[in-house]
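# Architecture and fold: a report
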Amino acid sequence: MRDKLQKIARHPATKKILTDMKPEKSFWGILGVIFFFIAPEIVAYFYSIDIVQYAQNGLAMHPETIERYNYEILIKLFEDGVSWFNLGFGVVLLVWLFF
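Residues numbered from 1 in each chain as written. Predicted model: local features only at pLDDT ≥ 70, side-chain atom pairs only at ≥ 80, totals over all residues. Heavy atoms only, no water.

## Description of the confidence of the model for the protein
We count it as follows: Here pLDDT means the predictor's own confidence in every residue, given as a number from 0 to 100. The secondary structure listing takes helices from DSSP runs of H or I that are at least 4 residues long and strands from runs of E that are at least 2 residues long, numbered from the N terminus.
For the protein, mean pLDDT is 90; residues scoring 70 or higher make up 100% of the total. Here helix α1 (residues 2–10) stands out as the element of the protein with the lowest mean pLDDT, 85, in contrast to helix α4 (residues 65–78), whose mean of 94 is the highest.

Structure, rendered in structure tokens:
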């Protein structure tokens, strides 16, 4: 099993895929990782209860279909608080960006 995993890791196609997945070492690459993975989790850590209450209050006013859908999405996204997986993945991408 270990030999097979090492063979996959050394394969040229695997190396090419990993280099293609690596974020670009530029201002926009860094901002992309921060804004899409790290910043939303920081906001969720501090404001998840307030955001869920806001969305529940909005749903109590019986909004139109699109507004109701948006409030339901907010509740689903923030009711569990921080996603430690997303935060960890963002940190790993940020570290990988500099190596």
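## Points about the environment of Trp96
Rules: Relative accessible area decides the class of each residue, using a 1.4 Å probe on protein chains only: under 20% of the type maximum gives buried, over 50% gives exposed, and in between gives partly exposed. Between two residues, a contact is recorded if the distance between any of their heavy atoms is within 4.5 Å.
Looking at the element boundaries, Trp96 is found in helix α5 (residues 84–97). We classify Trp96 as partly exposed; its relative accessible area is 27%. For the pair Trp96 and Ile66, spaced 30 residues apart in the sequence, the C-alpha separation amounts to 39 Å. Contact partners of Trp96, with chain neighbours within four places excluded, come to Leu18, Met21, Lys22 and Pro23.

## Brief notes about the packing of aromatic side chains
Under the convention used in this document: Note on aromatic pairs: the rings of Phe, Tyr and Trp (six-membered ring only in Trp) are paired at centre separations within 6.5 Å, and the planes decide the class, stacked below 30 degrees, edge-to-face beyond 60, tilted for the rest.
Counting across every chain of the model gives 5 aromatic pairs. Between Tyr45 and Phe46, the ring centres sit 5.1 Å apart and the planes meet at 85°, which makes this aromatic pair edge-to-face. Here Tyr45 and Phe46 have matching classes, each one exposed. Between Phe85 and Phe89 the ring centres are 6.2 Å apart and the planes differ by 10°, which places this aromatic pair in the stacked class. Of this pair, Phe85 and Phe89 both sit in helix α5, 4 residues apart, which is roughly one turn of the helix.

## Here we look at the pattern of salt bridges
We apply this condition: Here a salt bridge means any side-chain nitrogen of Lys or Arg lying within 4 Å of a carboxyl oxygen belonging to Asp or Glu.
Taken as a whole, this structure holds 1 salt bridge when the rule is applied. As a salt-bridge pair, Lys16 and Asp20 come within 2.9 Å of each other at their nearest N and O atoms. In this pair, Lys16 and Asp20 are both assigned in helix α2 (residues 12–21), 4 residues apart and thus about one turn of the helix distant. Overall, the relative accessible area of 52% leaves Lys16 in the exposed class.

## Section: α5
Since one α-helical turn is 3.6 residues long, residues separated by three or four positions face the same way. Applied cut-off: Helix span is expected to be 1.5 Å times the residue number reduced by one. Note that the arc is defined by the directions from the helix axis to the C-beta atoms.
Counted at 1.5 Å a residue, the expected span for α5 with its 14 residues is 20 Å, and the 20 Å between its end C-alpha atoms agrees. All buried positions along α5 are accounted for by Leu87, Gly90, Leu93 and Leu97. For α5, the buried positions fall inside an angular range of 125° around the axis, keeping them on one side. For α5, exposure combined with an orientation more than 90 degrees from the buried face picks out Trp84, Phe85 and Val92. Against the buried residues of α5 lie α3 (27–60).

## Considering unusual backbone geometry
For His62, which is not a glycine, the phi torsion comes out positive at approximately 50°. Taking the relative accessible area as the measure of exposure, His62 reaches 70% and is therefore exposed.

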